[in-house]
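This is what each chain is made of:
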Amino acid sequence: MFSIKKFTTHDKNSSSIAFDIRNRVFVEEQKVDRQEEYDSHEDESTHFLLFKNDQPVGTARWRFTDNGIKLERFAVLKEHRNGGAGTYLVTEVLKDVLPQNKNIYLNAQVRAMNVYERLGFVKEGEMFVEANIDHYKMTYKG
């Protein structure tokens, strides 16, 4: 039912699809400023597209930072949430980064924290606001 495609920004077709999903979720639905959504880390990141029955329904990326590996930009189209899509996407991204043997972390929107907690992430520190949305830093403990 679900499948995943890993790509870089050199794959213009996949990038276009991923940016469309991110635009729909973050900019249109969550009202994130477009300039904040598209940042300078696109080319250095490893990107993923999530497909359900060969239709693109989600996207994510990861990148190296001074603190390890940061997972970012998890977005699943509204009509495909709560059916396992997000869990599948996070699981597949983890499979890609775990062999790196580095600290894995993300900034989780409060409303999505339960997905990350079920998969082994632990909340750290105080809540903070990013792009006008409440977040917590979460670190993967397995």
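Note: the structure precedes this text.
Rules used throughout
- Residues numbered from 1 in each chain as written.
- Predicted model: local features only at pLDDT ≥ 70, side-chain atom pairs only at ≥ 80, totals over all residues.
- Heavy atoms only, no water.
- Core = buried A, V, L, I, M, F, W, Y, C linked by side-chain atoms within 4.5 Å.
- Buried < 20%, exposed > 50% of the residue type's maximum accessible area, 1.4 Å probe, protein only.
- Helix = DSSP H or I, 4+ residues; strand = E, 2+ residues; numbered from the N terminus.
- Contact = heavy atoms within 4.5 Å.
- Pairing = 2+ DSSP bridges.
- Axes fitted to C-alpha atoms, helices over the stretch in contact; angles between N-to-C directions.
- Salt bridge = Lys/Arg side-chain N within 4 Å of Asp/Glu carboxyl O.

(A) Here's a closer look at the nonpolar core. In this structure, L71, F74, L89, V93, Y116 and F121 are the most contacted members of the largest nonpolar core, which totals 25 residues. For this core, the secondary-structure elements that each account for two or more residues are β2 (46–52), β3 (55–65), β4 (68–76), α3 (85–97), β5 (104–109), α4 (113–118) and β7 (133–140). A total of 6 residues in this core trace back to one element, the largest contributor, which is α3. Excluding its chain neighbours within four sequence positions, the residues that come into contact with L89 are I4, F48, L50, G58, T59, A60, F74, A75 and V76. The next biggest cluster of nonpolar side chains, apart from the first, holds 12 residues, and it includes V32, F51, A131 and I133.

(B) Geometry of the sheet that holds β4. The sheet built from 7 strands is open, its strands ordered β1-β2-β3-β4-β5-β7-β6 with mixed pairing. For this open sheet the edge positions go to β1 (2–7) and β6 (121–130), each flanked by a neighbour on one side alone. Pairwise comparison of adjacent strand axes, ignoring direction, gives a mean angle of 25° for this sheet. Pairing between β4 and β5: 3 bridges, direction parallel. Along β5, the bridge assignment pairs L71 with L106. Across the sheet, α3 is in contact with β1, β2, β3, β4, β5, β6 and β7; its angle to β4 comes to roughly 155°.

(C) Broad picture of the pattern of salt bridges. Tallied over the entire structure, the rule returns 17 salt bridges. Residue R63 pairs with E72 through a salt bridge whose shortest N-O separation is 2.9 Å. With respect to class, R63 is no different from E72; both count as buried. For K70, the salt bridge identified is with E72, shortest N-O distance 3.5 Å. Classification of K70 as buried rests on a relative accessible area of 13%.

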